[in-house]
Amino acid sequence: RAATRDPRQHALLTLFAAGPLTRHGLGARARGHLDRVPSEGLAPFEQALRAQLRAMTFLQDGALEEATLALDEAPYPTTPAVDAWIDLTRALHHVLCGGVDPARALLAARTDEAQQDPALRVHHDTVAAHALAAEDDEAGARELLSALLARSGVGGLALVLRPVGPATDLARALVATHIAPP
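Residues numbered from 1 in each chain as written. Predicted model: local features only at pLDDT ≥ 70, side-chain atom pairs only at ≥ 80, totals over all residues. Heavy atoms only, no water.

Caption draft 1: Examining the packing of helix 6 (residues 100–109) against helix 8 (residues 118–134) more closely. One can describe the packing of helix 6 onto helix 8 by two numbers: an axis separation of 10 Å at closest approach and a directional angle of 150 degrees. Judged on the interaxial angle alone, helix 8 and helix 6 are roughly antiparallel. For the pair helix 6 and helix 8, the sense of crossing is left-handed. Counted together, Val100, Ala103, Arg104 and Leu107 of helix 6 and His124, Val127, Ala128, Ala131, Leu132 and Ala134 of helix 8 form the full contact between these two elements. Tallied by class, the residues present in the contact of helix 6 with helix 8 amount to eight nonpolar, one polar and one charged. (Axes fitted to C-alpha atoms, helices over the stretch in contact; angles between N-to-C directions. Helix = DSSP H or I, 4+ residues; strand = E, 2+ residues; numbered from the N terminus. Parallel < 35°, antiparallel > 145°, perpendicular 65-115°, else oblique. Left-handed = near helix turned anticlockwise from the far one by under 90°. Contact = heavy atoms within 4.5 Å. Nonpolar A, V, L, I, M, F, W, Y, C, P; charged D, E, K, R; others polar.)

Caption draft 2: Structural detail: the environment of Phe16. In this structure, Phe16 sits in helix 1 (residues 7–23). Overall, Phe16 belongs to the exposed group, its relative accessible area being 69%. As for Phe16 and Glu73, which are separated by 57 residues in sequence, their C-alpha atoms are 19 Å apart. (Buried < 20%, exposed > 50% of the residue type's maximum accessible area, 1.4 Å probe, protein only.)

Caption draft 3: Local environment of the pattern of salt bridges. Applying the stated criterion to the full structure yields 13 salt bridges. Here Arg110 makes a salt bridge to Glu113, at a shortest N to O gap of 2.6 Å. For Glu113, a relative accessible area of 24% translates into the label partly exposed. One salt-bridge network, in which partners are shared between bridges, spans Arg31, Asp61 and Arg162. (Salt bridge = Lys/Arg side-chain N within 4 Å of Asp/Glu carboxyl O.)

Caption draft 4: Highlighting the nonpolar core. Residues Leu59, Ile86, Leu92, Val95 and Val127 are the most contacted members of the largest nonpolar core, which totals 28 residues. Among the elements of the structure, helix 3 (44–60), helix 4 (64–72), helix 5 (80–96), helix 6 and helix 8 are those that each provide at least two residues to this core. Per-element accounting of this core gives the leading share, eight residues, to helix 5. Apart from the residues within four sequence positions on either side, Val127 is in contact with Leu88, Ala91, Leu92, Val95, Ala103 and Leu107. Residues Leu132, Ala133, Leu149 and Leu170 belong to the second largest nonpolar core, which totals 15 residues. (Core = buried A, V, L, I, M, F, W, Y, C linked by side-chain atoms within 4.5 Å.)

Caption draft 5: How the structure looks around helix 9 (residues 138–152). Given a rise of 1.5 Å per residue, 15 residues ought to cover 21 Å, and the 21 Å separating the end C-alpha atoms of helix 9 matches this to within 8%. The inward-facing, buried residues of helix 9 contact helix 8, helix 10 (158–161) and helix 11 (168–179). Gly153 occupies a position one or two residues after helix 9 and carries a positive phi of about 80 degrees. (Expected span 1.5 Å × (residues − 1).)

Caption draft 6: Up close: unusual backbone geometry. Residue Pro77 is reached from Tyr76 by a cis peptide bond, and omega for that bond is 0 degrees. Counting through the fold element by element, Pro77 comes out in the loop between helix 4 and helix 5. For Asp136, which is not glycine, the phi torsion reads 65 degrees and is therefore positive. As for its placement among the helices and strands, Asp136 is situated in the loop between helix 8 and helix 9.

Following this line, the structure appears as structure tokens:
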């Protein structure tokens, strides 16, 4: 904020930076920055994005109730793109809590958007892999994770590794075989 002296620009930069920080294990730091951004200065879709990003930081920490509260704060509907992120984060939350059926319904509703946005597709495939593993379809989950690895590299599996969910052990094994020397 000091560099820009513009609170609005600072808020937007914070929203932009929070996702990568969280993916790299710095969710608490990202949440601290997000918590300092006042919602009042944000447009509804930005408020929703802030809520989604906060929820992801809580999911990374295994704080499921706090993630629920963060998602409940999100204005909805806002824009198609932000709503897709909200829905897929809700789906991830459901599958982590054992709710495969609601997760699958949200996945089905957002398949088209996920096919058009590579980052959203990683999120979508992560939830789908967790759902398959929760249903004891280890082969299906492994196949989806292998495709995700081929398409996005080891970094594409970051969301499967944390927050910890039904497909996490499969992703760990896949990463180990991918980075281990032959």
